[in-house]
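Reading the structure
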Amino acid sequence: MLGIFKYGMGVPFTRLEKLQYHLGVPFPKSTQWEVIADGAELLKPAYNELVDQAAQGETLHSDDTGARILEVVRPEDEKRTGLHTTGIVSVLDEGRRFVALYFSGTQHAGENLRDVLALRAQGLPAPVLMHDALASNESKLSKDFESLLANCLAHGRRKVVDELENFPAECRHF
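Keep in mind it's a predicted model, so treat the numbers as computed, not measured.

**Overview of the pattern of salt bridges**
- Inspection of the entire model under this criterion finds 3 salt bridges.
- For Arg97, the salt bridge is made with Asp93, and the minimal N-O distance between the two is 2.8 Å.
- By relative accessible area, which is 32% here, Arg97 ends up partly exposed.
- In this structure, the salt-bridge partner of Asp115 is Arg114, at a minimum N-O distance of 3.0 Å.
- We classify Asp115 as partly exposed; its relative accessible area is 38%.

The structure is reproduced here in structure tokens:
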């Protein structure tokens, strides 16, 4: 039930802690995390299957956002300081099935996408990779990996729309 509240409904541990306190049954967020961590090991095979299925997708959408993470185990030689949450949505069976994955840590979207696509079966058609044109979102797979890059133009369009008053003819042409 705790996993459903936290990950299915997005209820933060702090809110659950307050609710439990008001119900007279204290359940600190640290204890909640321990329960979730113990249960996560049991779900690892299901998680691995979802990652494997996502790798077989026809289209993969990916993007990063910043993340606040309380504790990260970093290698001693790690130079990165930023933390990110990457969302990858894989479209399968001509849009009849979707797999959504989230990765939090020091890797960017392109690196997480590389790790997912490394599990892709041989002989499948080239996947379409959809993301904004930020360099860190591009897949870090070798150049030999065949894919179709489909950058999102909404980010670039916003900049043009912002300049509409200053350059009306050029912006409308664009």
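Here the narrative resumes.
**Let's talk about the side chain of Ser90**
- Topologically, Ser90 is positioned in strand E2 (residues 84-92).
- We classify Ser90 as buried; its relative accessible area is 0%.
- Within the structure, the side chain of Ser90 is placed 2.7 Å from the backbone oxygen of Ala54, a separation counted as a polar contact.
- Apart from residues lying up to four places away in sequence, Ser90 is in contact with Gln53, Ala54, Gly57, Thr59, Leu60, Arg97, Phe98 and Val99.

**Quick look at the layout of surface pockets**
- Of the pockets and cavities examined, the largest pocket occupies roughly 1800 Å³.
- Forming the walls of the largest pocket are 33 residues, and the residues nearest its centre are Lys6, Tyr7, Trp33, Ile36 and Ser104.
- Among the elements of the structure, helix H1 (2-8), helix H2 (13-22), helix H3 (29-55) and strand E3 (97-105) are those that each provide at least two residues to the lining of the largest pocket.
- In terms of residue count, the dominant contributor to the lining of the largest pocket is H3 (14 residues).
- Taken together, the residues that form the lining of the largest pocket break down as 20 nonpolar, 7 polar and 6 charged.

Cut-offs and rules
- Residue positions are given per chain, counted from 1 along the sequence in the order it is written.
- For this predicted model, a pLDDT threshold of at least 70 governs which residues receive local features, and a threshold of 80 or more governs which side-chain atom pairs are given and counted, while totals over whole chains, interfaces and linings are taken from all residues.
- In computing side-chain properties, one takes all heavy atoms of the structure into account and sets aside hydrogens as well as water.
- The term salt bridge refers to a side-chain nitrogen of Lys or Arg lying within 4 Å of a carboxyl oxygen of Asp or Glu.
- Relative accessible area decides the class of each residue, using a 1.4 Å probe on protein chains only: under 20% of the type maximum gives buried, over 50% gives exposed, and in between gives partly exposed.
- Strands are runs of DSSP state E lasting at least two residues, helices are runs of H or I lasting at least four, and both sets are numbered from the N terminus onward.
- Nitrogen and oxygen atoms within 3.5 Å of one another constitute a polar contact, given that in protein one can donate a hydrogen and the other can accept it, and given that sequence-neighbouring residues count only through two side-chain atoms.
- Only heavy atoms matter for contacts: two residues are in contact if any of them lie within 4.5 Å across the pair.
- Only protein atoms enter the 1 Å grid used here, on which a cavity is any set of points holding a 1.4 Å probe that cannot leave and a pocket is any open set flanked by protein within 12 Å on both sides along at least five of seven lines; residues with an atom within 4 Å of a point are listed as lining.
- Grid points are joined across faces, edges and corners, and a volume is the space filled by probe spheres set on the points.
- Amino acid classes used here: Ala, Val, Leu, Ile, Met, Phe, Trp, Tyr, Cys and Pro are nonpolar; Asp, Glu, Lys and Arg are charged; the rest, including Gly, are polar.

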